Amino acid sequence: MIGSVTCECFIYDVQSLKGKRSVLKSIITRLKQRLNISVSETGYQDLWQRTEISIVTVASDRVIAEKELQKALAMIDSTPEIERTITNFEWF
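Residues numbered from 1 in each chain as written. Predicted model: local features only at pLDDT ≥ 70, side-chain atom pairs only at ≥ 80, totals over all residues. Heavy atoms only, no water.

**So, the sheet that holds strand E2 (residues 38-43)**
Reasoning step 1: Spatially, E2-E3-E1-E4 is the arrangement adopted by the four strands of the open sheet, whose pairing is antiparallel. This sheet does not close on itself; its edge strands, each paired only once, are E2 and strand E4 (82-91). On average, adjacent strands in this sheet sit at an angle of 25° to one another, irrespective of strand direction.
Reasoning step 2: Two strands pair when backbone bridges link them, and E2 and strand E3 (residues 50-58) are joined in this way by five bridges, in the antiparallel orientation. Each residue of the ladder has a partner; that of Glu41, found in E3, is Ile53.
Reasoning step 3: Against the sheet, helix H1 (residues 17-34) contacts strand E1 (2-11), E2, E3 and E4, and its axis sits at roughly 150° relative to E2.
Reasoning step 4: Across the sheet, helix H2 (residues 62-77) is in contact with E1, E3 and E4; its angle to E4 comes to roughly 165°. (Pairing = 2+ DSSP bridges. Helix = DSSP H or I, 4+ residues; strand = E, 2+ residues; numbered from the N terminus. Axes fitted to C-alpha atoms, helices over the stretch in contact; angles between N-to-C directions. Contact = heavy atoms within 4.5 Å.)

Next up, the structure:
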């Protein structure tokens, strides 16, 4: 089972693309190190307060994949600099 989640986020207190990249790099690195997922910024790359993050995981069971994706979303939600707005799940 392949689980994919795409979430749009708003980044607070950044004044440039450089600031945005710093916040995103920190979040993406933590997600990749702690969870069995692939993560990338997939949208709004030219806007400095908005981003789209895509997360994908592969597991033998949908429940396991969903738990891993929920852990990733919880980590994003626990980061004070960023707010998750729109979230879409897909299953393959």
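Back to the text.
**Some details on the pairing of E1**
Reasoning step 1: For E1, a buried count of eight out of ten residues is recorded, marking the element as mostly surrounded by other parts of the structure.
Reasoning step 2: Summarising the sheet, E1 and E3 pair through nine bridges and their orientation is antiparallel. Residue pairing for E3: Glu8 is matched across the bridge by Glu52.
Reasoning step 3: Relative to E4, E1 runs antiparallel, the two sharing eight bridges. Paired with Val5 across the strands is Phe89, a residue of E4. (Buried < 20%, exposed > 50% of the residue type's maximum accessible area, 1.4 Å probe, protein only.)

**Regarding the state of the cysteines**
Reasoning step 1: According to the stated counting rule, one finds zero disulfides in the structure shown.
Reasoning step 2: Note on Cys7: no disulfide assigned, nearest cysteine sulfur contributed by Cys9 at a separation of 4.1 Å.
Reasoning step 3: The class of Cys7 is buried, set by a relative accessible area of 0%. (Disulfide = S-S within 2.5 Å.)

**Concerning the pattern of salt bridges**
Reasoning step 1: Going through the model one piece at a time under the given rule, you end up with four salt bridges.
Reasoning step 2: Linking Asp77 and Arg84 is a salt bridge whose minimum nitrogen-to-oxygen distance equals 2.6 Å.
Reasoning step 3: When its relative accessible area of 41% is taken as the criterion, Asp77 is described as partly exposed.
Reasoning step 4: A single network of salt bridges, built from pairs that share partners, joins Lys20, Arg21 and Glu41. (Salt bridge = Lys/Arg side-chain N within 4 Å of Asp/Glu carboxyl O.)

**Observations concerning the packing of aromatic side chains**
Reasoning step 1: Taken as a whole and judged by the stated rule, the model has two aromatic pairs.
Reasoning step 2: Ring centres of Phe10 and Tyr12 lie 5.0 Å apart, and the angle between their planes is 75°; on these two criteria the pair is classed as edge-to-face.
Reasoning step 3: Consider the rings of Phe89 and Trp91, whose centres lie 6.4 Å apart with planes at 10°: the pair is stacked.
Reasoning step 4: Given the relative accessible area of 33%, Phe89 is considered partly exposed.
Reasoning step 5: Across the ring face of Tyr44, the terminal group of Arg50 is positioned such that the distance to the ring centre comes to 3.9 Å. (Phe/Tyr/Trp six-rings, centres within 6.5 Å; stacked < 30°, edge-to-face > 60°. Lys NZ or Arg CZ within 6 Å of the ring centre and 35° of its normal.)

These values are about where atoms sit, not about what they do.
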